Structures are given as C-alpha cells and as structure tokens.
Amino acid sequence: MSANQSPAGKQPTATYDSAFLKACRREPVPHTPVWFMRQAGRSLPEYLKVREGIPMLESCMRPELVAEITLQPVRRHGVDAAIYFSDIVVPLKAIGIDLDIKPGVGPVIADPIRTRADLARLRDLTPEDVAYVTEAFGLLTRELGATPLIGFAGAPFTLASYLVEGGPSRNHEHTKALMYGDPQLWADLLDRLAGITAAFLEVQIEAGASAVQLFDSWVGALSPADYRRSVLPASRKVFEAVSGYGVPRIHFGVGTGELLGLLGEAGADVVGVDWRVPLDEAARRVGPGKALQGNLDPAVLFAGREAVETKTREILDAAAGLEGHVFNLGHGVLPTTDPDALTRLVEYVHTQTAR
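Residues numbered from 1 in each chain as written. Predicted model: local features only at pLDDT ≥ 70, side-chain atom pairs only at ≥ 80, totals over all residues. Heavy atoms only, no water.

### Let's talk about the overall build of the protein
For the protein, the helix and strand inventory stands at 16 helices and nine strands. Across its three principal directions, the C-alpha atoms of the protein cover 55 × 45 × 40 Å. The buried share of the protein, reckoned over its 355 residues, is 58%. Long-range contacts, defined here as pairs at least 24 residues apart, represent 71% of the contacts in the protein between residues at least 6 apart. If you sum the accessible surface of the protein, you get close to 14,100 Å²; carbon and sulfur atoms cover 51% of it. Positive and negative side-chain charges of the protein, numbering 35 and 43 respectively, have mean locations separated by a distance of 1 Å. (Helix = DSSP H or I, 4+ residues; strand = E, 2+ residues; numbered from the N terminus. Buried < 20%, exposed > 50% of the residue type's maximum accessible area, 1.4 Å probe, protein only. Contact = heavy atoms within 4.5 Å. Areas by Shrake-Rupley, 256 points an atom, 1.4 Å probe, with all protein chains shown as cover. Lys, Arg positive; Asp, Glu negative; His and termini not counted. Charge placed at Lys NZ, Arg CZ, Asp CG, Glu CD.)

Right under this line is the structure:
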C-alpha cells in the first residue's frame with residue numbers, strides 16, 4: 001500500500017474519512033451525506049454557458065471542460081461528493097462504435113448489434129482509448145481534495161439495450177427478442193459488455209475515483225426471474241472485477257423495486273433506490289449488509305420549499321434505522337429544476353441530520 005492510499009486499497013487517504021464514504025461503509029457519520037445524480041448538467045446556468053456550441057460526446061472528451069462541469073455543483077450546492085461528468089456510451093464510442101448523442105433523443109447507434117457477427121465490433125477497452133478520462137480525474141482529484149469523486153459506467157443490460165435497439169426504447173422489443181430468442185448470443189453480448197464496463201471503471205479508480213456507480217437505467221423493464229437468469233451474471237462480473245480496489249460500489253436502476261435484492265446480490269455495497277419504494281421497505285427487500293442511496297422524487301423540487309422539506313423529512317425518518325444512508329434523488333436532477341432548490345435541500349439534510 002502506497003503512502004497516498006487508505007487502508008481500503010486504492011481509495012485516496014484525503015477522502016477516506018468523508019461523510020459520503022463513511023455512509024457507504026455503513027459507519028457513523030457527522031451528517032447524512034448528499035449528492036445528486038445529474039447534479040452536473042442542464043439545471044445549472046454555468047453548465048449551459050460552458051457547454052454552448054459543444055456536442056455532448058465532444059464535451060466528455062475535453063479534460064478541462066469535464067473538470068469544470070464536475071466541479072460546478074460542488075461549488076454551488078456544497079454536496080458531499082462529485083460525480084464525474086460523462087455519459088454511459090463514452091466507452092462504446094471509445095472502442096469505435098458509430099454512435100452519437102442527439103439532443104432531445106439520446107444515444108443513437110448507426111448500426112445496431114443483433115447478430116453474432118456483430119460481436120466482433122465490441123473490442124476490449126484499453127486505458128489508452130480513454131486517456132482523457134485519466135487526465136480529467138487528475139485535474140479533479142487535485143481540486144477536490146477531501147471531497148470524494150464518484151466514477152460511473154453504464155451497466156451491461158442498459159448498454160446492450162442501446163446497442164440492440166439502436167437508441168432509446170419504450171418497450172425494448174428488440175432487446176427482449178434477442179434475450180429470449182437467442183440466450184447464448186445474449187449472454188455473450190452481456191459478457192463482452194461487462195468486460196468493457198469493468199475496464200472503464202478500473203481506469204477511473206486507478207485515476208483516483210473514491211467510489212463507483214453502475215447505472216442500469218433500463219433494467220426495470222425486466223422481471224426478477226429474467227434479471228437473475230439473463231443479467232445478474234454480467235453485472236456481477238463488473239462488480240467482482242473492481243472488488244479488489246476497496247472502493248464502494250453503488251448500483252442504481254430505475255423502476256427496480258422488484259429487483260432491489262438482486263441489485264445488491266450482484267455485488268453492490270450500496271443499492272440506489274428510486275422514489276417508488278420507501279427506504280425502510282427497500283431495506284427489507286435488500287437485506288442486511290448494504291447501505292442505501294436515495295430517494296426523493298425529483299419532481300418534488302418543483303413544489304416549493306415547505307413541500308420539499310416535508311417529503312425530505314419523510315425520507316430521513318424512513319432512513320433512521322438504516323445501516324448506512326446516502327441522500328439522493330430517486331433519479332436524476334430534471335433540467336428545469338431551480339438550482340437554489342438543490343442548494344437549500346443540501347443545507348436542510350445536513351442541518352436535520354447533524355450529530
């Protein structure tokens with residue numbers, strides 16, 4: 001173990017005793033830590049200013065711009081952790097997949113992957129493919145100091161869904177047709193994506209990430225039985241690949257109330273909960289030995305200060321008996337959210353939970 005590493009391995013010493021990492025490790029905290037998914041983004045006028053005229057994927061590949069965007073919500077809101085500014089399709093672009101992020105649509109794949117021959121297009125990811133990530137993490141960890149930096153990646157199922165559908169999908173019909181119709185090809189596709197995802201997270205941890213989050217945005221479209229059979233092995237492969245680093249591993253999906261126990265079973269240390277399931281019920285479904293993250297409905301932030309505080313108090317009360325709790329929204333910050341509402345929310349949670 002080098003001098004700049006914590007007892008956990010790669011975890012930087014400066015951030016090891018932060019409230020966020022203590023909560024992830026289910027240790028006593030000075031206050032409930034707060035961060036928001038999509039905290040760096042369209043809700044901030046300073047973000048819109050620096051991104052003006054720059055396509056999304058290009059902005060993810062400019063280290064100085066990435067660092068500035070990642071830091072903006074830390075400066076403004078006083079959150080307990082930064083989340084690396086990127087997109088889940090960045091590693092796919094890095095290995096040569098022809099894709100673009102179209103405004104108002106999302107990631108669009110030029111040639112969807114639907115046959116065994118198509119698997120050859122998914123080559124291994126190397127650190128050299130994403131050198132800009134390593135550079136951006138270096139800039140950020142120097143600037144953030146004791147504030148943890150969360151790395152992230154898209155989970156194999158969600159990446160597969162984008163690749164197979166060719167873009168965002170409401171019903172995931174092509175994805176499910178492949179999963180049910182050719183289970184071996186599906187398993188091979190997810191296994192290949194698990195390797196790419198793990199490599200992308202390893203780059204981020206090696207560069208200084210204090211924790212990592214695996215986003216499975218679309219996995220709520222599956223039943224528990226389908227998840228266990230067709231998705232869990234690949235997600236587990238990702239978590240196992242980074243287990244030796246000692247950094248907390250967070251797993252989040254949308255509409256996953258029926259899958260919460262399985263998300264933990266895949267290997268997460270912290271299970272993210274969307275707004276549909278109360279945290280005390282989520283804890284029952286996940287079982288002991290895991291911290292929880294969540295779970296204010298992002299739309300509540302439009303209801304005014306009193307309503308926000310009332311709903312936040314309900315969440316804090318539901319979390320009172322948890323082994324570890326990281327306060328977050330039940331999904332990402334909505335683009336038209338008033339930034340001041342987020343700043344007030346951070347202050348409220350910190351004040352209400354100060355020990």
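Next, the rest of the story.
### Considerations on helix 7 (residues 131-144)
In an α-helix, one turn spans 3.6 residues; hence positions three or four apart end up facing the same way. The terminal C-alpha atoms of helix 7 lie 20 Å apart, and with 14 residues this matches the ideal 20 Å at 1.5 Å per residue to within 8%. Buried within helix 7 we find Tyr132, Val133, Ala136, Phe137, Gly138, Leu140 and Leu144. On its buried face, helix 7 is in contact with helix 4 (56-60), helix 5 (63-77), strand 1 (82-83), helix 6 (90-94), strand 4 (149-154) and helix 10 (183-206). Looking one or two residues beyond helix 7, the residue adopting positive phi is glycine 145, at roughly 60°. (Expected span 1.5 Å × (residues − 1).)

### Some details on the packing of helix 7 against helix 10
Between two packed helices, what matters for the description is the angle formed by their axes and the separation of those axes. Put simply, helix 7 and helix 10 touch, their axes get as near as 9 Å, and they point 30° apart. Judged on the interaxial angle alone, helix 10 and helix 7 are roughly parallel. Note that helix 7 runs across helix 10; the crossing there is right-handed. When helix 7 is examined against helix 10, the residues Val133, Thr134 and Phe137 are found in contact with a partner set consisting of Phe200, Val203 and Gln204. Class assignment of the residues belonging to the contact of helix 7 with helix 10 gives a composition of four nonpolar, two polar and no charged. (Axes fitted to C-alpha atoms, helices over the stretch in contact; angles between N-to-C directions. Parallel < 35°, antiparallel > 145°, perpendicular 65-115°, else oblique. Left-handed = near helix turned anticlockwise from the far one by under 90°. Nonpolar A, V, L, I, M, F, W, Y, C, P; charged D, E, K, R; others polar.)

### Topic: the sheet that holds strand 6 (residues 249-253)
The seven strands are arranged 1-4-5-6-7-8-9 in an open sheet whose pairing can be described as parallel. Taken across any chain shown, the strands that pair with only one partner, and hence form the sheet edges, are strand 1 and strand 9 (325-329). (Pairing = 2+ DSSP bridges.)

### Thoughts on the nonpolar core
In this structure, Phe20, Leu122 and Leu189 are the most contacted members of the largest nonpolar core, which totals 127 residues. In terms of residue count, helix 10 provides more of this core than any other element does, twelve residues in total. When neighbours within four sequence positions are excluded, leucine 122 is seen to be in contact with Leu92, Ile95, Ile97, Ile113, Leu163, Leu189, Arg192, Leu193 and Ile196. (Core = buried A, V, L, I, M, F, W, Y, C linked by side-chain atoms within 4.5 Å.)

### What to know about helix 12 (residues 232-241)
Three or more residues of helix 12 are buried, namely Leu232, Ala234, Ser235, Val238 and Phe239. In this fold, the buried residues of helix 12 make contact with helix 8 (156-165), helix 10, strand 5 (211-216), helix 11 (224-230), strand 6 and helix 13 (260-265).

### Structural notes on the environment of histidine 31
Examined against the element boundaries, histidine 31 turns out to sit in the loop between helix 2 (19-24) and helix 3 (45-51). C-alpha separation for the pair histidine 31 and leucine 140, spaced 109 residues apart in sequence, amounts to 24 Å. Not counting chain neighbours up to four residues away, the residues in contact with histidine 31 comprise Ala19, Asp80, His350, Thr353, Ala354 and Arg355.

### Section: the environment of proline 224
Looking at the secondary structure, you find proline 224 in helix 11. On the accessibility criterion, proline 224 (34% relative accessible area) is partly exposed. With 37 residues separating them along the chain, proline 224 and glycine 261 place their C-alpha atoms 9.4 Å apart. Setting aside anything within four residues of it in sequence, one finds proline 224 in contact with Glu258, Leu259 and Leu262.

### Here's the deal with the packing of aromatic side chains
Evaluation of the coordinates by the stated rule reveals six aromatic pairs. With 5.3 Å between their ring centres and 80° between their planes, phenylalanine 152 and phenylalanine 215 make a pair best called edge-to-face. In this pair, phenylalanine 152 is assigned in strand 4 and phenylalanine 215 in strand 5, connecting sequence segments 63 residues apart. Seen in terms of ring centroids, tyrosine 162 and tryptophan 218 are 6.0 Å apart; in terms of plane orientation they differ by 70°. Their pairing is edge-to-face. In this pair, tyrosine 162 is assigned in helix 8 and tryptophan 218 in the loop between strand 5 and helix 11, connecting sequence segments 56 residues apart. Overall, tyrosine 162 belongs to the buried group, its relative accessible area being 9%. (Phe/Tyr/Trp six-rings, centres within 6.5 Å; stacked < 30°, edge-to-face > 60°.)

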